[in-house]
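In case you want the letters, here they are:
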Amino acid sequence: MHKKPVMKFPKRFLWGAATAAHQVEGSQHNQWSEWELGNAKSRSVQAEYQYSDLHSWQHISQEAKQAGTYVSGKSTNHYENYEHDFDIAAKLQLNAFRFSVEWSRIEPKEGTWNAEALDHYKLYIQALKRRGIEPMMTLFHFSLPCWFSEMGGFEKRSNIKYFVRFTKKVMQELGSDIKYVITINEPEVYAVQSYYEGNWPPAIRSKWKTYQVLRNLIATHKQAAAVIHSLNRRYKVSIAKNSAYMYPGDDAWVTRLSAQVGQYFQDDYILKRVRKSCDFIGVNYYFSNRFYGYRIHNPNEHVSDLGWDMQPENIEYVLERLHRKYKLPIVVTENGLADATDEQRKWWLTHTMIAMSNALAEGVDLRGYFHWSLLDNFEWANGTWPRFGLVAVDYTTGKRTVRASAIWWSKILKKIISN
Ligand code: BGC
């Protein structure tokens with residue numbers, strides 16, 4: 001007989017979903033919204049070339065070929081619909097929620113604070129608290145005010161002070177109801193996509209700039225964390241670190257070395273530099289990479305709509321390794337998949353839950369899990385076609401439909417929470 005795996009989670013475990021302002025709020029005016037307007041047409045024209053190898057192509061082709069798909073526009077209009085969205089989150093048994101505040105709303109002009117935007121986020125956080133949902137606030141999740149990016153953004157060390165000033169203002173205004181703060185989401189992903197690959201604004205391709213931006217983001221985190229801690233030591237601060245599991249496909253020494261070096265650059269280059277100013281490690285996990293020699297060749301037994309190789313169970317090894325190396329509490333700040341037909345989400349969640357429970361049994365101090373995402377949303381340069389939501393969004397009507405996998409998950413959570 002098949003024995004059901006026993007899953008054990010601590011009583012105060014955070015069960016949440018994550019979002020980012022630019023991806024869900026709608027009606028933005030920032031460096032992304034500007035860039036989208038100039039690039040949507042070419043993204044739609046290139047769609048067939050870019051995506052037609054994906055198994056999801058049949059399903060997505062119509063949407064992917066439309067220019068409007070690559071403009072965030074009204075998006076899910078979460079800015080106006082948050083009460084309704086938090087009702088859904090509460091119904092899904094979530095007791096935590098990760099979101100980002102939009103800098104371009106709060107400081108639309110350099111040095112000018114928008115009281116209305118600050119009031120909005122005050123009400124937003126209160127709406128979570130009222131429902132017994134613990135907020136986790138991100139300060140920089142890829143979107144920047146135009147004035148900041150026009151003065152060179154994080155390319156310039158002398159610009160860091162503007163972000164630090166923003167951090168201080170946000171914490172002074174919103175901090176009373178907040179405990180968990182993420183300063184920067186995925187520093188390498190931002191630096192590489194925007195300055196190395198040239199896929200994201202400002203779409204530059206320069207190794208030197210990539211390196212500079214990365215260095216400046218590390219310094220930015222340190223300074224922001226120091227300001228937050230100086231306001232109150234009770235704040236729990238981290239970055240959200242993109243991780244992946246790197247493993248050898250054979251026994252050759254080159255292969256094993258490549259996987260090790262790959263893992264080092266994936267996790268440790270940044271974490272070693274920021275660990276002292278982190279109270280926990282926020283980790284985003286989506287995929288694994290299998291090495292043969294120094295090349296990556298994945299088994300692709302399960303692939304997401306975006307073509308990512310999915311091995312949810314490997315999150316266990318990521319968590320165990322981070323625990324061994326850094327001895328800090330860990331929160332999974334993002335984890336999920338693009339799955340428009342919802343065929344793989346239940347499978348993904350099941351294996352992720354088992355893996356996290358195993359990691360806990362191995363002694364990992366894991367404090368929470370945030371699924372990416374609560375809602376379908378604007379997936380950056382890929383536009384709206386990738387569907388990451390526990391809740392499906394119809395972008396024409398704004399209608400929310402809870403996916404079957406989410407209903408299933410909420411039943412599991414109910415059992416775990418009440419045990
Ligand atoms: C980012 C999210 C993104 C998700 C899925 C993470 O890299 O933080 O903004 O939507 O992955 O690609």
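Nothing here was measured: the structure is a model prediction, and the numbers come from that model.

S.K.: Before we move on, can you summarise the overall build of the chain with the specific residues and values?
M.R.: Of the regular secondary structure elements, the chain holds 14 helices and eleven strands. Against the globule reference of 22 Å for 419 residues, the chain gives a C-alpha radius of gyration of 20 Å, in line with a compact fold. Seen through its principal axes, the chain has C-alpha atoms that stretch 65 × 50 × 45 Å. Per-residue burial over the chain gives 59% buried out of 419 residues. Once local pairs closer than 6 in sequence are excluded, the contacts in the chain between residues at least 24 apart make up 77%. Within the chain, the 43 negative side-chain charges are centred at a point lying 6 Å from the centre of the 54 positive side-chain charges.

S.K.: How would you explain a nonpolar patch on the surface if you had to name every residue and give the values?
M.R.: Nonpolar side chains collect at one region of the surface, where W253, V254, L257, V261, F265 and Y294 lie side by side and expose about 670 Å² of accessible area between them. Residue position: F265 is located in helix α11 (residues 253-274). A relative accessible area of 49% means that F265 is categorised as partly exposed.

S.K.: Quick rundown of the packing of helix α2 (residues 31-51) against helix α3 (residues 57-64)? Include the residues and the values.
M.R.: To describe two helices that pack against each other, one gives the angle between their axes and the distance between the axes. Remark: α2 packs on α3, axes separated minimally by 9 Å, with the N-to-C direction vectors making an angle of 165 degrees. Between α2 and α3, the crossing angle belongs to the class labelled roughly antiparallel. The two elements α2 and α3 cross, and the hand of that crossing is right-handed. Note on element contacts: α3 touches α2 through W57, I60 and A64, opposite S44, A47, E48 and Y51.

S.K.: Got a sec to walk through the nonpolar core? Specific residues and values, please.
M.R.: In this structure, W15, V101, L319 and M356 are the most contacted members of the largest nonpolar core, which totals 98 residues. Among residues more than four places away in sequence, those in contact with M356 are F9, W15, I315, L319, V332, L366 and Y369. Counting residues in each nonpolar core, the second largest holds 25 residues, with Y51, M136, A338 and F370 among its members.

S.K.: Describe in detail the environment of Q266, supporting the description with residues and values.
M.R.: Positionally, Q266 belongs in helix α11. By relative accessible area, which is 15% here, Q266 ends up buried. Separated by 78 residues in sequence, Q266 and E188 place their C-alpha atoms 8.8 Å apart. Discounting residues that sit within four places of it in the chain, Q266 has contacts with E188, K241, N242, S243, A244 and M246.

S.K.: Just give me the short version of helix α13 (residues 345-361), but keep the residues and values in it.
M.R.: For α13, spanning 17 residues, the distance from its first C-alpha to its last is 24 Å, which sits close to the expected 24 Å at 1.5 Å a residue. By the burial criterion, the buried members of α13 are R345, W348, L349, T352, M353, A355, M356, S357, A359 and L360. Residues of α13 that are buried in the fold lie against β1 (14-18), β6 (281-292), α12 (315-326), β8 (330-335), β9 (366-372) and α14 (404-418). Of the residues trailing α13, G363 is marked for its positive phi of about 100 degrees.

S.K.: Pulling in residues and values, what's your account of the site of the ligand?
M.R.: As a matter of local geometry, the ligand sits amid Q23, H141, F142, N185, E186, Y286, W308, E334, W372, E379, W380 and F388. For the ligand, an oxygen atom lies 2.8 Å from a polar atom in the side chain of E334. With respect to the ligand, the side chain of W372 contributes an N or O atom lying 3.3 Å from an oxygen atom. Within the complex, 94% of the 310 Å² of free accessible area of the ligand lies under protein. Among the residues making up the shell around the ligand, the classes are represented as six nonpolar, three polar and three charged.

S.K.: Before we move on, could you go through the packing of α12 against α13 and cite the residues and values that matter?
M.R.: Axis separation between α12 and α13 bottoms out at 8 Å; the angle between their running directions is 30 degrees. Relative to α13, α12 is oriented roughly parallel. The handedness of the crossing between α12 and α13 is right-handed. Facing α12, whose interface residues are I315, E316, L319 and E320, α13 presents T352, A355, M356, N358 and A359. The class makeup of the residues in the contact of α12 with α13 is five nonpolar, two polar and two charged.

S.K.: How would you sum up the pattern of salt bridges? Please name residues and give values.
M.R.: Side chains that carry opposite charge are capable of pairing whenever their charged atoms lie near each other. According to the stated counting rule, one finds 24 salt bridges in the structure shown. One salt bridge in this structure joins E63 and R387, with 3.1 Å as the shortest N-O distance. Of the two residues, E63 is situated in helix α3 and R387 in the loop between β9 and β10 (391-393); the sequence distance between them amounts to 324 residues. Through salt bridges with shared partners, a single ionic network connects E63, D376, R387 and R403.

S.K.: Residues and numbers for the pairing of β6, please.
M.R.: The element β6 is largely enclosed, with a buried count of ten among its twelve residues. Here strand β5 (residues 236-248) pairs with β6 via eight bridges, running parallel. Residue pairing across strands places M246 opposite N289, the latter belonging to β6. Pairing analysis gives five bridges linking β6 to β8, with the strands arranged parallel. Opposite N284, over in β8, you have E334 as the bridge partner. Pairing between β6 and strand β7 (residues 295-296): two bridges, direction antiparallel. Looking at the pairing, Y292 lines up with R295 of β7. Here β6 folds back onto β7, and the loop between the two strands holds two residues, one of which, G293, carries a positive phi near 60 degrees.

How each quantity is defined
- Residues numbered from 1 in each chain as written.
- Predicted model: local features only at pLDDT ≥ 70, side-chain atom pairs only at ≥ 80, totals over all residues.
- Heavy atoms only, no water.
- Helix = DSSP H or I, 4+ residues; strand = E, 2+ residues; numbered from the N terminus.
- Rg over C-alpha atoms; globule rule 2.2 N^0.38 Å.
- Buried < 20%, exposed > 50% of the residue type's maximum accessible area, 1.4 Å probe, protein only.
- Contact = heavy atoms within 4.5 Å.
- Lys, Arg positive; Asp, Glu negative; His and termini not counted.
- Charge placed at Lys NZ, Arg CZ, Asp CG, Glu CD.
- Patch = residues over 30% accessible without salt bridge, like charges linked within 9 Å, V, L, I, M, F, W, Y side chains within 5 Å.
- Areas by Shrake-Rupley, 256 points an atom, 1.4 Å probe, with all protein chains shown as cover.
- Salt bridge = Lys/Arg side-chain N within 4 Å of Asp/Glu carboxyl O.
- Axes fitted to C-alpha atoms, helices over the stretch in contact; angles between N-to-C directions.
- Parallel < 35°, antiparallel > 145°, perpendicular 65-115°, else oblique.
- Left-handed = near helix turned anticlockwise from the far one by under 90°.
- Core = buried A, V, L, I, M, F, W, Y, C linked by side-chain atoms within 4.5 Å.
- Expected span 1.5 Å × (residues − 1).
- Near = heavy atom within 4 Å.
- Polar contact = N/O pair within 3.5 Å; in protein donor to acceptor, adjacent residues only side chain to side chain.
- Nonpolar A, V, L, I, M, F, W, Y, C, P; charged D, E, K, R; others polar.
- Pairing = 2+ DSSP bridges.

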